[in-house]
Amino acid sequence: MANIKQLKSQYQQIVKSHSPKNNVLRNSLRAFWVGGTICIIGQALTNVYMFYGMEREDAKMLMTVTLILLSTILTALNVYDNIGQYAGAGALVPITGFANSMVSSAMEFKKEGYIYGLGAKLFVVAGPVIVFGTIASVVVGIIYYLV
Amino acid sequence: MDIMEYVRAFVVGGAICVVGQILLDRAKLTTGKIMVAFVLIGAALHALGLYQPLIDFAGAGAAVPISGFGYALAKGAIEEVGKEGFMGAFTGGIKATAAGITAAVVFGYLAALFANPKSKA
């Protein structure tokens, strides 16, 4: 009887050591430094564009466009998904994660054609983001108009 | 070069991502829902006047996370209402974010056109 109990606890230890750990602290640290680094790149791009004479608002807009371009290229090269595996929300939450979601969902459906495959599946994740973002902006605008 | 500007961007941007990570790990939200939630939170915080101070403090640290997209949408709507009146509520948001959305659609389509998924080819 004691032997069975011992075996059971040994088995549970083995299961524990092989099941994936949901390590919130480790994941958060990874999300923090990768997400923070993407923001540093964004800040550096903004400063470079302003150095070359752009207005702050224009520089920020071009920075966003640049980050989106970099993200789509890295996604196409299958690099961004590896960053995402490591960094979790650190790669998801920045605007680069938004661009990544468009490319990665679209390229999976390429064989469904260039119009309904690529054209539609770009918006699997981005669609809801744009829909709710647009609704929110209209609501905020109307409230601001009324108040 | 102001090094503190980069430190603030790093810390604030990183912290916003940690909030997303906790939602991912603890609340088990899907990635799409997290993005939608961040956009809505960014728009709401700007409407309450709370996101602009964060942008002023952290620069890209607050603008690069997707909550900054919500902020830009709400800011565009408010500014356009100020300039154009009621119709501004319908034009301002998309107008302010047009460059980002257009870039994502155009670059995204082209990238997906040339790319091949690693595993499910």
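As the structure is a computational prediction, the values presented were derived from the model and not from experiment.

## Observations concerning the overall build of chain A
Looking only at helices and strands, one finds eight helices and zero strands in chain A. When its helices and strands are written in sequence order, chain A yields α-α-α-α-α-α-α-α. In summary, chain A has a C-alpha radius of gyration of 22 Å against a globular reference of 15 Å for 147 residues, an excess of more than 25%. Considering only C-alpha atoms, chain A reaches an extent of 75 × 45 × 40 Å along its principal axes. With 147 residues in all, chain A has 42% of them scored as buried. Of the contacts formed within chain A by residues at least 6 apart in sequence, a portion of 53% connects residues at least 24 apart.

## Remarks on helix α8 (residues 123-146) of chain A
For α8(A), built from 24 residues, the straight-helix expectation of 34 Å at 1.5 Å per residue is met to within 8% by its first-to-last C-alpha distance of 33 Å. Listed in full, the buried residues belonging to α8(A) are Val125(A), Ala126(A), Val129(A), Ile130(A), Gly133(A), Ala136(A), Ser137(A), Val140(A) and Gly141(A). For α8(A), the elements touching its buried residues are α6 (95-108) of chain A together with α2 (31-47), α5 (67-84) and α6 (88-114) of chain B.

Parameters and conventions
- Residues numbered from 1 in each chain as written.
- Chains lettered and ligands numbered in written order.
- Predicted model: local features only at pLDDT ≥ 70, side-chain atom pairs only at ≥ 80, totals over all residues.
- Helix = DSSP H or I, 4+ residues; strand = E, 2+ residues; numbered from the N terminus.
- Rg over C-alpha atoms; globule rule 2.2 N^0.38 Å.
- Buried ≥ 20, exposed ≤ 12 C-beta atoms within 10 Å, placed from the backbone.
- Contact = placed C-beta atoms within 7 Å.
- Expected span 1.5 Å × (residues − 1).

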